[in-house]
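Overview (structure and organization)
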Amino acid sequence: FGTLQDVTERRAQTHELQRFAHMVERVSQEIWLIDAARRIRYLNAAAARSLGYRREDLLGTLITDIDIRG
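Here's what I pulled together on the structure shown here. (Residues numbered from 1 in each chain as written. Predicted model: local features only at pLDDT ≥ 70, side-chain atom pairs only at ≥ 80, totals over all residues. Heavy atoms only, no water.)

**So, the nonpolar core**
By size, the foremost hydrophobic cluster in this structure holds six residues: Ile40, Leu43, Ala47, Ala48, Leu58 and Ile66. In this structure Ile66 touches Trp32, Ile40, Leu51, Tyr53, Leu58 and Thr61, once residues within four positions along its chain are discounted. (Core = buried A, V, L, I, M, F, W, Y, C linked by side-chain atoms within 4.5 Å. Buried < 20%, exposed > 50% of the residue type's maximum accessible area, 1.4 Å probe, protein only. Contact = heavy atoms within 4.5 Å.)

Structure representation (structure tokens):
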């Protein structure tokens, strides 16, 4: 007994998502994803670098709690 599944489409989507993530991480522009509660859900390396924080320190933080003056 066994099953067979065609995962061709899923693999193609995964590959495209990986390419997109790689591109987003390499751009010099800041990219942020903020949820409805104004918490940081994602930021690329350029965004973290521009504020002088580590990305891990910013994830989940309220955008209004960031001290942009350092």
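From this point, the discussion proceeds with the structure in view.
**With respect to the pairing of strand β2 (residues 40–43)**
Here three bridges tie strand β1 (residues 32–34) to β2, and the two strands are oriented antiparallel to one another. Each residue of the ladder has a partner; that of Trp32, found in β2, is Leu43. (Pairing = 2+ DSSP bridges. Helix = DSSP H or I, 4+ residues; strand = E, 2+ residues; numbered from the N terminus.)

**Regarding the environment of Leu59**
Locating Leu59 in the fold gives a position in the segment after α3 (55–58). Distance from Leu59 to Tyr42, taken between C-alpha atoms, is 6.5 Å for residues 17 residues apart in sequence.

**Observations regarding a nonpolar patch on the surface**
A cluster of nonpolar side chains, contributed by Leu17, Phe20 and Met23, occupies part of the molecular surface with about 340 Å² of accessible area. A relative accessible area of 49% places Phe20 in the partly exposed class. (Patch = residues over 30% accessible without salt bridge, like charges linked within 9 Å, V, L, I, M, F, W, Y side chains within 5 Å. Areas by Shrake-Rupley, 256 points an atom, 1.4 Å probe, with all protein chains shown as cover. Salt bridge = Lys/Arg side-chain N within 4 Å of Asp/Glu carboxyl O.)

So, to be careful, I would describe these as geometric facts and stop short of saying anything about function.
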